[in-house]
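Examination of the molecular architecture
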Amino acid sequence: MLASSAAFNSILVIAGLITGLALVRSGLLKKGLWTATLTPFSSIIGSGFLIMAPLLASIVGVYSPLAILVIVVLAYSIGHVIRFNILHVEPRIASGELSRPCREIEYMANVVLVLAYVVAVAFYLSLLSNFLLSYLGIDSQVLERSLTTAIILFITAVGYVKGLAGLERLEAYSVTIQLAVILSLVLGLFAFGMTFLNGHELHFEYPQRDLSTQFRMLAGVLLVVQGFETSRFLGDKYSPEIRVSSMRNAQIISGILYVVSVILLLPVVQHINLVHINLSDIIGAMAPVAVVLPVMLIVAALMSQFSAAVADLGGGGGLLRENSRQHLSTRNGYLAVAALAILLVWEADILEIITLASRAFAAYYFLQTLLAIFYNYKDSPPLARATLANQALFVALAVILAYIIVFSIPAD
């Protein structure tokens, strides 16, 4: 068996170490485009990387690869809207030339997104604390909230003292660990899949639902791959061109990882409970693949929550700076987001309100799409092919996002 083979497990560990070392020694961590890419990439990967395969399997079973492909393409299309606005709408905001209705839409969108970031930071780090304490056999809500608060304060202190560069360094280390583990995971799952296909068939036991319910659940899953918009709020360090490239790179890399991981995880997730998905069950299911993978995935799970929270705290701070018309510094923006996140950690049940955060992200994308529609209609060459193509895409996305806001439901 591959799982018990010492040579196979050693190969996976060595592959992970070589990947991590190569990333550190390659000099990528010091290059502007790569460091700018890390922020949206961290947020996109977040907790979704491990949960996406079982989540889709619980909704559509063997059609999960097709579902993730559609979700990734749709998310990339929404990213095109944000990139369009960075290049065309953002300069109008800076110069004060944006019309009043558009300014109001932009302001409303930013308010919605700030609230979404606050919830996201609290959720990611609460999940990290819960998972870590559960793994250690500790069941204490007070200790969990205290640990979450301590992590928020640590990240905020780094951001306040070191600025965006300090947060990027935290992201760089955590994402490097994630990518090293992901490579080992892909290698292990590929080898396991080749073995599995010899004489086995996929079979999923998941709740049977009507097509309308499945679509509503898939609409909610789209928001698992949110986070690319964080590039929008790195303007105090990076040019519009760098931010556009960073978002595009992050979406392409994370999209490939999502599609590959969902395909390779199918033989594994069919053996876990798809009615009540638990992260610990996913990690435990890796034992038949390779003995070392559960331990490596524990590290990856912790790093993914941490890096996603860092990215969203950074995005929230930059957003507050922009919304205050530069009166509030990015560093003070970090403090404001952190304070609200800590309040949320102690006063609310994060799992109950995360659905509201998902709708808030969808609302932000919807409002950004409206901005793109208005600008494209008024300020782009009316009969140009690019103008017509963009307008058709923007209108279609606005309809889809409106559907998500109104009808999306969480998978149960």
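Whatever comes next refers back to the structure up there.
Residues numbered from 1 in each chain as written. Predicted model: local features only at pLDDT ≥ 70, side-chain atom pairs only at ≥ 80, totals over all residues. Heavy atoms only, no water.

Attention shifts here to a nonpolar patch on the surface. A surface patch of nonpolar side chains, about 500 Å² in accessible area, is lined by L211, F215, Y403, V406 and F407. Counting only elements with at least two residues in the nonpolar patch, the list comes to α7 (211-221) and α13 (385-407). Here the element with the most residues in the nonpolar patch is α13; it accounts for 3 residues. Along the chain, Y403 falls in helix α13. Using a relative accessible area of 32% as the deciding quantity, one classes Y403 as partly exposed. (Patch = residues over 30% accessible without salt bridge, like charges linked within 9 Å, V, L, I, M, F, W, Y side chains within 5 Å. Areas by Shrake-Rupley, 256 points an atom, 1.4 Å probe, with all protein chains shown as cover. Salt bridge = Lys/Arg side-chain N within 4 Å of Asp/Glu carboxyl O. Helix = DSSP H or I, 4+ residues; strand = E, 2+ residues; numbered from the N terminus. Buried < 20%, exposed > 50% of the residue type's maximum accessible area, 1.4 Å probe, protein only.)

Counting residues in each nonpolar core, the largest one holds 129 residues, and the members touching the most others are L56, L222 and Y365. Take this core: its biggest share by element is 17 residues, from helix α5 (residues 100-135). Setting aside anything within four residues of it in sequence, one finds Y365 in contact with I78, I82, L223, Q226, G227, F228, E229 and L401. (Core = buried A, V, L, I, M, F, W, Y, C linked by side-chain atoms within 4.5 Å. Contact = heavy atoms within 4.5 Å.)

What follows covers the packing of helix α2 (residues 32-45) against helix α10 (residues 293-323). Packing of α2 against α10 brings their axes to within 8 Å, and their N-to-C directions diverge by 125°. Considered as vectors, α2 and α10 are oriented oblique to each other. Crossing of α2 over α10 shows left-handed handedness. Two secondary-structure elements touch here, α2 through T39, S42 and S43 and α10 through S307, A308, A311 and D312. By residue class, the composition of the contact of α2 with α10 is 2 nonpolar, 4 polar and 1 charged. (Axes fitted to C-alpha atoms, helices over the stretch in contact; angles between N-to-C directions. Parallel < 35°, antiparallel > 145°, perpendicular 65-115°, else oblique. Left-handed = near helix turned anticlockwise from the far one by under 90°. Nonpolar A, V, L, I, M, F, W, Y, C, P; charged D, E, K, R; others polar.)

Within the element layout of this structure, R232 appears in the loop between α7 and α8 (240-269). Residue classification places R232 among the buried positions, given a relative accessible area of 2%. Here the alpha-carbon distance between R232 and N85, two residues 147 residues apart in the chain, equals 8.9 Å. Here E90 takes part through its side chain, which lies 3.0 Å from a polar atom of the side chain of R232. (Polar contact = N/O pair within 3.5 Å; in protein donor to acceptor, adjacent residues only side chain to side chain.)

On to the pattern of salt bridges, then. Applying the stated criterion across every chain yields a total of 3 salt bridges. Across the pair R232 and E90 runs a salt bridge, and its minimum N-O distance is 3.0 Å. With a gap of 142 residues between them, R232 in the loop between α7 and α8 and E90 in helix α4 (residues 64-95) connect regions that are remote in the sequence. Where E106 meets R232, a salt bridge forms, and the shortest distance between an N and an O atom there is 2.5 Å. Here E106, found in helix α5, pairs with R232, found in the loop between α7 and α8; they are 126 residues apart in sequence, far enough to count as distant. By the burial criterion, E106 is buried, and R232 matches it. What you see here is one network of salt bridges that share partners, running through E90, E106, R232 and R243.

As far as function goes, none of this settles anything; it's purely spatial.
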